[in-house]
Amino acid sequence: MGDTFTKTRRDGDDLLGEAAGLRWLAEADGGARVARVVSADRDRLVLERIDEAAPSAEAARAFGRALARTHAAGAAWWGCPPPEHSGARSMGRSRTPLVVDAAEAADTWGAFYAEHRVEVFARRLRDDGVIDEDDAAVFHRLASRLRDGALDHPQPALVRAAGRPVARVHGDMWAGNVLYVDDPSGAALIDPMAHGGHAETDLATLSVFGFPHLEDVYAGYDSASPLTDGWRERIGLHQLGIVIMHAHLFRGGYTSSALRLARTYV
């Protein structure tokens, strides 16, 4: 079928989990467009094919407004998977942790981010000999500040107005997973690691590798769901999750970038 795109399972893939994430993100009323799941099983995921369009400021603002509503749909707890998740306790080849049991969930974003985004990957880097004890201590100091609540901050306005302490996030929102389209939604989402998190993490992740008309995305988002004061100063903090994950997967300059970001907030 020419109007579909098929993913075949590779080592580490959880195609059923990905399908659950796409469906969950698509449930948000007025939210961002999400690639529609045609069918899914353990070995194959069939999606609608997204026809990409040229980026534009208008589309970027439309996407920002829609993404704000996706986030405001909320999630049950920090790190929770979509309700129809496959049961795996981590996502993708990076083995990014999920919190599958509400009884094990952190009470705050800082505690969640410390344990399940910073320390888990710092441990792996240290155990693999990529960083030494001094470097590991940098991440540990940041994790301590996060757990103490020193870096906690409110969700954007629509998330708060909906009474949702936890946002419904894409979880891997780098430029390759957001496709500009020629329709009122502005852009479509693919390849999520969907979970309950902080809305600012998606927005910060979008800036890691650059994104066309990014400032217009931010403007559109802020017009629909005003961001909390100081959000620009926190971009690096929220970027750290994807950067340290890339250090675990690919080493190289990602490791020094992760350390630089961590040092900014200790």
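Notes on the structure follow. This structure is a prediction, so every number in the text was calculated from the model and none was measured.

What follows deals with the overall build of the chain. A tally of regular secondary structure across the chain gives nine helices and 10 strands. Whereas a compact globule of 266 residues would reach a radius of gyration of roughly 18 Å, the chain reaches 18 Å, a difference of no more than 12%. Overall, the C-alpha framework of the chain stretches about 50 × 40 × 35 Å when taken along its three principal axes. Burial statistics for the chain: of 266 residues in total, 53% are counted as buried. Nonlocal contacts in the chain, meaning residues at least 24 apart in sequence, comprise 75% of its contacts between residues at least 6 apart. For the chain, the exposed area adds up to about 11600 Å²; of that, 48% sits on carbon and sulfur atoms.

With that settled, the discussion passes to the packing of aromatic side chains. Applying the stated criterion across every chain yields a total of seven aromatic pairs. Arranged with centres 4.7 Å apart and planes meeting at 25°, the rings of Trp109 and Tyr113 form a pair that is stacked. Of this pair, Trp109 and Tyr113 both sit in helix α3 (residues 109-127), four residues apart, which is roughly one turn of the helix. Here Tyr113 falls in the buried class, since its relative accessible area comes to 2%. Seen in terms of ring centroids, Phe209 and Tyr254 are 6.5 Å apart; in terms of plane orientation they differ by 90°. Their pairing is edge-to-face. In this pair, Phe209 is assigned in the loop between α6 (199-205) and α7 (214-224) and Tyr254 in helix α9 (residues 253-264), connecting sequence segments 45 residues apart. Pairwise contacts between aromatic rings join Trp174, Phe209, Phe250 and Tyr254 into one cluster.

Taken as a whole and assessed by the stated rule, the structure comprises 17 salt bridges. Ionic pairing is found between Lys7 and Glu18, a salt bridge with its closest N-O pair at 3.0 Å. Taken together, the positions of Lys7 in strand β1 (residues 4-8) and Glu18 in helix α1 (residues 15-26) put the pair 11 residues apart, joining distant regions of the chain. Judged on exposure class, the residue Lys7 and its partner Glu18 are both buried. Here Arg147 and Glu119 are joined by a salt bridge, their closest N and O atoms 2.6 Å apart. Here Arg147, found in helix α4 (residues 133-147), pairs with Glu119, found in helix α3; they are 28 residues apart in sequence, far enough to count as distant. According to the relative accessible area criterion, Arg147 is partly exposed, its value standing at 39%. The network of salt bridges with shared partners includes Lys7, Glu18 and Asp191.

Let's shift gears to the nonpolar core. Phe63, Phe139, Leu146 and Leu240 are the most contacted members of the largest nonpolar core, which has 74 residues in total. By residue number, the principal contributor to this core is α3, which donates nine residues. Ignoring sequence-local partners within four residues, the contact set of Leu146 consists of Trp109, Gly110, Ala111, Tyr113, Ala114, Val118, Leu151 and Leu237. Membership of the second largest hydrophobic core comes to six residues, among which are Ala35, Ile50, Leu179 and Ala188.

It is worth spelling out the side chain of His116 at this point. Along the chain, His116 falls in helix α3. The class for His116 is buried, based on a relative accessible area of 13%. Sequence-distant contacts of His116, defined by excluding residues within four places in its chain, comprise Pro97 and Val99.

What the three strands build is an open sheet, ordered β2-β9-β8; its pairing is mixed. At either end of the open sheet lies a strand with only one pairing partner, and these are β2 (33-34) and β8 (178-180). As defined by bridge partners, β8 adjoins strand β9 (residues 187-189) across three bridges and the pair is classed as antiparallel. If you follow Tyr180 over to β9, its bridge partner there is Ala187.

Reading the values: rules and limits
Residues numbered from 1 in each chain as written. Predicted model: local features only at pLDDT ≥ 70, side-chain atom pairs only at ≥ 80, totals over all residues. Heavy atoms only, no water. Helix = DSSP H or I, 4+ residues; strand = E, 2+ residues; numbered from the N terminus. Rg over C-alpha atoms; globule rule 2.2 N^0.38 Å. Buried < 20%, exposed > 50% of the residue type's maximum accessible area, 1.4 Å probe, protein only. Contact = heavy atoms within 4.5 Å. Areas by Shrake-Rupley, 256 points an atom, 1.4 Å probe, with all protein chains shown as cover. Phe/Tyr/Trp six-rings, centres within 6.5 Å; stacked < 30°, edge-to-face > 60°. Salt bridge = Lys/Arg side-chain N within 4 Å of Asp/Glu carboxyl O. Core = buried A, V, L, I, M, F, W, Y, C linked by side-chain atoms within 4.5 Å. Pairing = 2+ DSSP bridges.

The quantities given are spatial measurements derived from coordinates; they are silent on function.
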